[in-house]
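Each chain is listed here by its residues.
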Amino acid sequence: MSFKENLRFMLDSKGWLIKELASKTRISENTLKTYLKTNSVEPKATNAVTIAKALGVTVEYLVTGKNEHGKSFSSDARFVAETFDTLSESDKKSVLALVKEMKSHSL
């Protein structure tokens, strides 16, 4: 996936508007919009670092869609991971128990 797609995914998964990211990064809305256009512009390194920090991801993730271990995830898997982080501790335990149970039946 491209920077544009990964940035859009992260904005959507956090429920942020471009305006919110602009406020958190002090990068103009117009500049951020250019990164999301069809014929998008790649950001300069300093902006990529600033955006990644604001979103809580690595620059590598924004550029390649891969995590720090070099693994890329489908958009469904990324959605699950991002959603999981927003759950209460009790709900996280329930989800983990369910996934472990499902995995044990698929082996």
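Up top you'll find the structure we're talking about.
Predicted, not measured: the structure shown is a model, and the values here were computed from it. (Residues numbered from 1 in each chain as written. Predicted model: local features only at pLDDT ≥ 70, side-chain atom pairs only at ≥ 80, totals over all residues. Heavy atoms only, no water.)

### Structural notes on unusual backbone geometry
The criterion, for reference: Helix numbering and strand numbering both begin at the N terminus, where a helix is a DSSP run of H or I of at least 4 residues and a strand a DSSP run of E of at least 2.
One non-glycine residue with positive phi stands out, namely Arg 26, at about 60°. Looking at the element boundaries, Arg 26 is found in the loop between helix H2 (18-25) and helix H3 (29-36).

### Looking at the pattern of salt bridges
Note the threshold: By salt bridge we mean one thing: a side-chain nitrogen of Lys or Arg within 4 Å of a carboxyl oxygen of Asp or Glu.
The tally for this structure, following the rule as stated, stands at 2 salt bridges. For Asp 12, the salt bridge goes to Arg 8, with nearest N and O atoms at 3.3 Å. Of this pair, Asp 12 and Arg 8 both sit in helix H1 (residues 3-14), 4 residues apart, roughly one helical turn. The salt bridge partner of Lys 92 is Glu 89, with a shortest N-O separation of 3.5 Å.

### A look at the side chain of Lys 92
Test applied: Any pair of residues with heavy atoms lying within 4.5 Å of one another is described as a contacting pair.
Relative to the elements of secondary structure, Lys 92 occurs in helix H7 (residues 89-106). Setting aside chain neighbours within four positions, we find Lys 92 in contact with Phe 84, Asp 85 and Leu 87.

### Some words on helix H4 (residues 45-55)
For the record, the criterion: Under the scheme applied here, a residue whose accessible area is under 20% of the maximum for its type counts as buried, over 50% as exposed, and between as partly exposed, the area being computed with a 1.4 Å probe on protein chains only. Comment: arc refers to directions from the helix axis out to C-beta atoms.
Within H4, burial applies to Asn 47, Ala 48, Ile 51, Ala 52 and Leu 55. In an axial view of H4, the angular spread of the buried residues amounts to 135°, which keeps them on one side of the axis. H4 presents Ala 45, Thr 46 and Lys 53 as exposed residues on the side facing more than 90 degrees away from its buried surface. Buried residues along H4 sit against H1, H2, H3 and helix H5 (59-64). Count one or two residues on from H4 and you reach Gly 56, which has phi positive near 75°.

Interpretation note: all reported values are geometric properties and have no functional meaning in isolation.
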